[in-house]
Amino acid sequence: MRVICRPGVLVPPLIRAIDWVPVSAAAVVSLGLALVTTPGSTVEPANAMVTLRMAGVLLGAAAGFALVDAAAVTTAVAPVPRWLRQWIRTLLVAGAAAAAWAGTLLLLTARLADGTEMQTPGLVTEAAVSLLIGLACTAVAVRQRPERIAAVIGAAALLIIAMSTLPYVEEVWPYPGSPRWGEIHRAWLSVLPAPLLTLAFAHRDVAR
Amino acid sequence: MSRPLFALVVAETRIALRSPLLWLLTLLTVTGRTVSTWHEMPNWSVEGVDTATSALVIGAGAMLAANLAILRDRRADALELTDPLPVRAQTRTLAVLVAYPLVAMAYAAVAMGMQIAGLLINSRPVGHFDVRELPAGVLPVALMAVLGAAVGRWIPHLFAAPVCILLFFWTLVQFPQSWLLPMVPYPKLAIDPVRPPAWHLLYAAALTLTVGTAALLRHGSRHPGLVLPGAGSAAAVAVALTLTLNSPAAAAAARTEDLRQSTRSVTAGADHCETLQTTRYCAFPSYAGWIPLWRDAVGPVVAAVPTAFRHRLPGITQRAGTGTFDPTVTSRNILTTMSWGRNGAERDSRRALAAQMAAAATGFPRGTQRGAGPSGCDARGRARTVVALWLIGQTEEPLPATSTRSSVRTDSGKPTERVVPASDLGAVDYGPAELAYARRLLAQSGARERIRANWTALTAPATTLDEALPLLNLNRSAASETPKGTPCE
């Protein structure tokens, strides 16, 4: 039996199959928070960063819901390999989450106080790593339990990881203008391969 | 309590006690806080509030756990199974509302107790521990658990609780000093800020009851037994909030200036002064317990200085993190910060303070003064460097000098790297030869008398190391390096 490998055909059905409600809710909440940050006045970079970082974590938690396939037991015997389906889901939801986060960033940059600037490259790195860790946690959970509760487990894992950085909040989430900004974000970049490798590992076919 | 409800409460409690969301987050909180505060001496006014605030992490876990317990009803075919049962949805909700907050509060109390125990190890805490902070830490955890259950009933979607958790923490971070929040964290850069009054605890408790009633109302708004408590707790919320916001404490908090915009002196408020063995120590009133620690660090250095010269030594004054420097204070005092080391780190604190006194005793520019300008100065080959390092050695072992690198924009606009020496004596550089001589002096008996006898000569800026060696009865062992920067004045 030849393994069918035509990704283009798979995209429209997967778009219909993905549960877009959590990512949409996260997008609405992120954009709403961007509007509500220091309402009535311009936004300082410090407040904008808090909103952007929390939006990144929220979108990472929401993205996991797209990896859950309710018919996982049935589709396991389909000729399309699991890694292809899961990676297409990952890319679709990552694109949507990235768009939502970019919208939040644009909104906050437009509202930024005069004379200040947003340190965008570092913030993009942080959001990308948050999103990937959220996806990776859920991908591992979905391997064990192909139900929607796996997405909650993945989201909880991401939130626990985020909370475990709270005692070291200055070293992991630096304030704007921090002298250690570059060094800390190089460390963030060095973390980036870890969730990618986890995703590659978790998206393989489940052994029976 | 009816029998089914009691049985349900017991069952839910057992599940809650085993929930990894609670025990894992408790473990993380205790470990994280203990490790991050291990090397800092605690100030109870700050640590009491920070310990209570850290319980919010357990609250987040409780919110998610209670939410999942409520959503158990909606899994797969659970609705079909539970609908025909005599126990109604309201009873199941009430069981979760009783069990999860109690278990979460128990975990929070254990976490706070362990953190406080960790803070007491090898510490001399200062500040005032307000017992009100303990329930102030535990009540918001119950509120978050109840909120999770309410969200589960009204918005039965799996993602609703993570959104709720995030909104809760976002509000806490963006409006940190609003007393409308169920928990008010310790403000940064503040000394003895005004804390919310006891009405705030009542507000948090009444808010918990209101949210719990809202959760129960989802399935039985016609039940008269709910409307009255619901209305009562909502009224209690309004009353407690009004009392909190109109209390004398609120007026005092509004008058407290934001230290970040402060134009006041960094040492303003350091009014608790003591004179111990010819040195004057001034601390902020809540930090007075550390004066003996400063005396233990600086006392040996002062004792090594000849009596005739002790009157010229500066006093020690505590400074806040931000503010302006008052020249009349900084010229006659060494400024020490609002932190001190613990569990090994106190040696660095003692050495730093002793070094500042040693630098002052031997005539080096100290602290905020830069001697030869922003590039620091070089003290190689001078006798007073060795004397200063020997004075540091009376308290703690002196360490080699290092340097700090910073990026500076020159006049042409190009960023260049500037290397400034950094040592315990300030922006003063010295080499391994000076350190070696100081260590030999520390090991030598009779060094103290020789130094005392030749003090003026040894601490003169112009006296070189070679001239001083016969006075100190030392053989020439290593040649000191040529100075790399401008010599210190």
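Keep in mind it's a predicted model, so treat the numbers as computed, not measured. (Residues numbered from 1 in each chain as written. Chains lettered and ligands numbered in written order. Predicted model: local features only at pLDDT ≥ 70, side-chain atom pairs only at ≥ 80, totals over all residues. Heavy atoms only, no water.)

A.B. asks: So what about the overall build of chain A? Which residues, and what values?
C.D. replies: Of regular secondary structure, chain A possesses 10 helices and zero strands. In chain A, the succession of helices and strands from N to C terminus is α-α-α-α-α-α-α-α-α-α. Radius of gyration (C-alpha) of chain A: 18 Å, near the 17 Å computed for a compact globule of 208 residues. Expressed as lengths along the three principal axes of its C-alpha atoms, the size of chain A is roughly 65 × 30 × 30 Å. Burial status across chain A gives 49% buried among its 208 residues. A separation threshold of at least 6 residues defines the contact pool for chain A, and within that pool the share at least 24 residues apart is 82%. Counting every atom, chain A has about 9700 Å² of accessible surface; 69% of that belongs to carbon and sulfur. The distance from the centre of the 15 positive side-chain charges to the centre of the 11 negative ones in chain A is 17 Å. (Helix = DSSP H or I, 4+ residues; strand = E, 2+ residues; numbered from the N terminus. Rg over C-alpha atoms; globule rule 2.2 N^0.38 Å. Buried < 20%, exposed > 50% of the residue type's maximum accessible area, 1.4 Å probe, protein only. Contact = heavy atoms within 4.5 Å. Areas by Shrake-Rupley, 256 points an atom, 1.4 Å probe, with all protein chains shown as cover. Lys, Arg positive; Asp, Glu negative; His and termini not counted. Charge placed at Lys NZ, Arg CZ, Asp CG, Glu CD.)

A.B. asks: Before we move on, can you summarise the packing of helix H6 (residues 120–144) of chain A against helix H9 (residues 181–191) of chain A with the specific residues and values?
C.D. replies: Residue and element names in this part refer to chain A. Contact pair H6 / H9: the axes reach a minimum separation of 10 Å and the direction vectors enclose 30°. Regarding the angle of H6 to H9, the classification is roughly parallel. The way H6 lies across H9 gives a crossing that is left-handed. For the pair H6 and H9, the contacting residues are Gly122, Leu123, Thr125, Glu126 and Val129 in the first and Trp181, His185, Trp188, Leu189 and Val191 in the second. Residue classes in the contact of H6 with H9 are distributed as six nonpolar, three polar and one charged. (Axes fitted to C-alpha atoms, helices over the stretch in contact; angles between N-to-C directions. Parallel < 35°, antiparallel > 145°, perpendicular 65-115°, else oblique. Left-handed = near helix turned anticlockwise from the far one by under 90°. Nonpolar A, V, L, I, M, F, W, Y, C, P; charged D, E, K, R; others polar.)

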